[in-house]
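Here are the chains, one letter per residue:
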Amino acid sequence: MSETVREPEETTAAGEEEPEAASSEPGMGILRVFGRQMKRFRLRAGLERSEVGARTGYSPSTIASYELGRRIPPPRFIDVADELLDAGGVLQEMKEEVARAQYPAFFRDAARLESEALALSAYDAQVVNGLLQTEEYARAVFSTMRPPLEDEAIEQRVSARLARQRIFGRRPTPLVSFIMDESVLRRPIGGHGVLRGQLEQLLLVGQKRTVELQILPLSREQNAGLAGPFMLFDTQEGRRIAYVEVQNVSHVHAEQHLVRGLETKYGTLRAQALSPQESLTYIENLLGEL
């Protein structure tokens, strides 16, 4: 970009910069810390926001939002800014925590477990698992939330959801098992065009050697997952941890008896569901109906 217009610093009446109230959400304090450090290094380097923006490819208003803790800077920007401002790795050291702030507070613990897991298993009964969603499907999901999200919040969450899917390119690649209720694949969230794209995505991911995708047909008389969706993570320390979420309220369970109960449910669900190959054929048939 070639912006050279000087932009006045945003201040409060008392002369101190103040982030929007949204950044006071628990866990968002890292954005304020990052922003203050970034501004300190920028001023030390004698650069205006417009100059930083021009040299990193962002607008001055975006640079201001990063410094005020209003927006979440992407990893690439943090790397470039650290070098440009001669921060000596200080900004880069916060990159992981800053990235975690892009998730809703109730999901951050699960996001960390997911990013480090050697293996994970997930049962879903309402929507396609976030690790499998297309951009269009994810945007439709967030757009239907109530109370409604701001447009910027929707785009931020879509970006964060897609970023989670880098797990499939991680080395070593984790072993992943998904079980989905058939109703998830028949619910046309975003319209039939979006659903078609989502089903095609499932076929692609389901063919990976490290992924098992199973569908639990509505015709089954028994369903061990009626209590709702959940996930199981196998950690690098050899532990298994469970994650349960409903209505934006989540719980991470490490207690052995609770985890064992969900393990039993998942094993039963695998037996009740179609095999992975039968499931891919089932999805192909669903595509033929659209």
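For the structure itself, consult the block above.
The structure displayed is predicted, hence computed values, not measured ones.

### Topic: the pattern of salt bridges
Pairs may arise between side chains of opposite charge once their charged atoms sit close together.
Reasoning step 1: The tally for this structure, following the rule as stated, stands at 13 salt bridges.
Reasoning step 2: Across the pair Arg49 and Glu67 runs a salt bridge whose closest N-O atoms are separated by 2.9 Å. Remark: Glu67 occurs in helix H3 (residues 60-67) and Arg49 occurs in helix H2 (residues 49-56); sequence separation between them is 18 residues. As far as the burial class goes, Arg49 and Glu67 line up, both buried.
Reasoning step 3: A single salt-bridge network, built from bridges that share partners, covers Arg42, Arg49 and Glu67.

### Some words on the pairing of strand E1 (residues 119-124)
Reasoning step 1: Here E1 lies mainly inside the structure; 6 of its 6 residues are buried.
Reasoning step 2: Here E1 shows two buried faces, one formed by Ala119, Ser121 and Tyr123 and the other by Leu120, Ala122 and Asp124.
Reasoning step 3: The pairing of E1 with strand E2 (residues 175-181) spans 6 bridges and is classified as parallel. The residue of E2 that forms the bridge with Ser121 is Ser177.
Reasoning step 4: Of the pairings in the sheet, the one linking E1 to strand E4 (residues 230-234) comprises 5 bridges and is antiparallel in character. Looking at the pairing, Ala122 lines up with Met231 of E4.

### Considerations on the pairing of strand E5 (residues 240-246)
Reasoning step 1: Alignment of E4 against E5, held across 5 bridges, turns out to be antiparallel. Each bridged residue has a counterpart across the sheet, and for Phe230 the counterpart in E5 is Val244.
Reasoning step 2: As defined by bridge partners, E5 adjoins strand E6 (residues 249-253) across 5 bridges and the pair is classed as antiparallel. Bridging across to E6, Val246 finds its partner in Val249.
Reasoning step 3: Hairpin remark: E5 followed by E6, antiparallel, with 2 residues in the connecting loop; positive phi at Gln247, about 50 degrees.

### Quick notes on the packing of helix H11 (residues 192-206) against helix H13 (residues 276-289)
Reasoning step 1: As a packed pair, H11 and H13 sit with axes 10 Å apart at the nearest point and diverge in direction by 160 degrees. Relative to H13, the element H11 is oriented roughly antiparallel. The way H11 lies across H13 gives a crossing that is left-handed. Side by side, H11 and H13 meet where Arg196, Leu199, Glu200, Leu202, Leu203 and Gly206 of the first sit next to Leu280, Ile283, Glu284, Leu286 and Leu287 of the second.
Reasoning step 2: Tallied by class, the residues present in the contact of H11 with H13 amount to 7 nonpolar, 1 polar and 3 charged.

The rules behind each value
Residues numbered from 1 in each chain as written. Predicted model: local features only at pLDDT ≥ 70, side-chain atom pairs only at ≥ 80, totals over all residues. Heavy atoms only, no water. Salt bridge = Lys/Arg side-chain N within 4 Å of Asp/Glu carboxyl O. Helix = DSSP H or I, 4+ residues; strand = E, 2+ residues; numbered from the N terminus. Buried < 20%, exposed > 50% of the residue type's maximum accessible area, 1.4 Å probe, protein only. Pairing = 2+ DSSP bridges. Axes fitted to C-alpha atoms, helices over the stretch in contact; angles between N-to-C directions. Parallel < 35°, antiparallel > 145°, perpendicular 65-115°, else oblique. Left-handed = near helix turned anticlockwise from the far one by under 90°. Contact = heavy atoms within 4.5 Å. Nonpolar A, V, L, I, M, F, W, Y, C, P; charged D, E, K, R; others polar.

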